[in-house]
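Listed below are the residues making up each chain.
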Amino acid sequence: MTESRTGTTTFTEARVREVMKPVMDDLVACVMNGFISIERAQKWCNDLTYLLTQQAISIFELQLTQPDGSEVGFEYRVSDDGSLFESSPSGGQRLHLLPQGTKANLWVRYRDNVEPHVHEEMRRRNWGAGGGSLGGTAVRERAYSNESYGLIRGRLGDW
């Protein structure tokens, strides 16, 4: 007995670049609130764009650690199966609710069977294997899409 499985993807590099524009806006909001530097925001945007164009990740999280150690954040879930038909503007993060001294971090979940050259490239870019997901269920807020490829943004943690 043999079994085959087919699927379609709406991935293109141009679509990735379009959906990363509002993600960069979200990162700039973190810059404006003093959670990261503009250089770090640009690096993260470039790194995420690379990972998405390699179809290497299924989820990434923008994690925000407050001075008391509590964590909140945003989950960005890749939608590349043609089911995403909405697109929202960036913003609405409510970062003003977080205290001064909050720091941002980025975490990604790799897909199975990622090509070795992707991991090598990320090591070259000084990405480590540390950290973990914030966990919990993300409350869907927005979707950034282009021609049914995109990212679904959800809020994580107790805001």
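Before reading on, note that the structure itself is shown above.
Because the structure is predicted, anything quoted here is derived from the model rather than measured.

Draft legend 1. Representation of helix α3 (residues 116-124) within the structure. Among the residues of α3, V118, E121 and M122 are the ones counted as buried. Looking down the long axis of α3, one finds its buried residues gathered within 100 degrees of arc, a one-sided arrangement. Opposite the packed face of α3, turned more than 90 degrees from it, sit the exposed residues R123 and R124. Contact partners of the buried residues in α3: α2 (38-53) and β3 (103-110). Trailing α3 by a residue or two, N126 shows a phi angle of about 70 degrees, which is positive.

Draft legend 2. Fine view of the environment of S90. In this fold, S90 is placed in the loop between β2 (71-79) and β3. Separated by 74 residues in sequence, S90 and V16 have C-alpha atoms that sit 15 Å apart. Every residue in contact with S90, bar those within four places of it in the chain, is listed here: P22, D25, D26, R142 and Y144. Here D25 takes part through its side chain, which lies 2.9 Å from a polar atom of the side chain of S90.

Draft legend 3. Seen up close, the packing of aromatic side chains. In this structure the tally under the stated criterion is three aromatic pairs. With 6.2 Å between their ring centres and 70 degrees between their planes, F11 and Y149 make a pair best called edge-to-face. One end of the pair, F11, is in the segment before α1 (13-32); the other, Y149, is in strand β5 (residues 149-156), and 138 residues separate them in sequence. Assigned by exposure class, F11 and Y149 land together as buried. A cation over a ring is seen here: R155 above W159, with NZ or CZ 4.5 Å from the ring centre.

Rules used in this analysis
Residues numbered from 1 in each chain as written. Predicted model: local features only at pLDDT ≥ 70, side-chain atom pairs only at ≥ 80, totals over all residues. Heavy atoms only, no water. Buried < 20%, exposed > 50% of the residue type's maximum accessible area, 1.4 Å probe, protein only. Helix = DSSP H or I, 4+ residues; strand = E, 2+ residues; numbered from the N terminus. Arc of directions from axis to C-beta. Contact = heavy atoms within 4.5 Å. Polar contact = N/O pair within 3.5 Å; in protein donor to acceptor, adjacent residues only side chain to side chain. Phe/Tyr/Trp six-rings, centres within 6.5 Å; stacked < 30°, edge-to-face > 60°. Lys NZ or Arg CZ within 6 Å of the ring centre and 35° of its normal.

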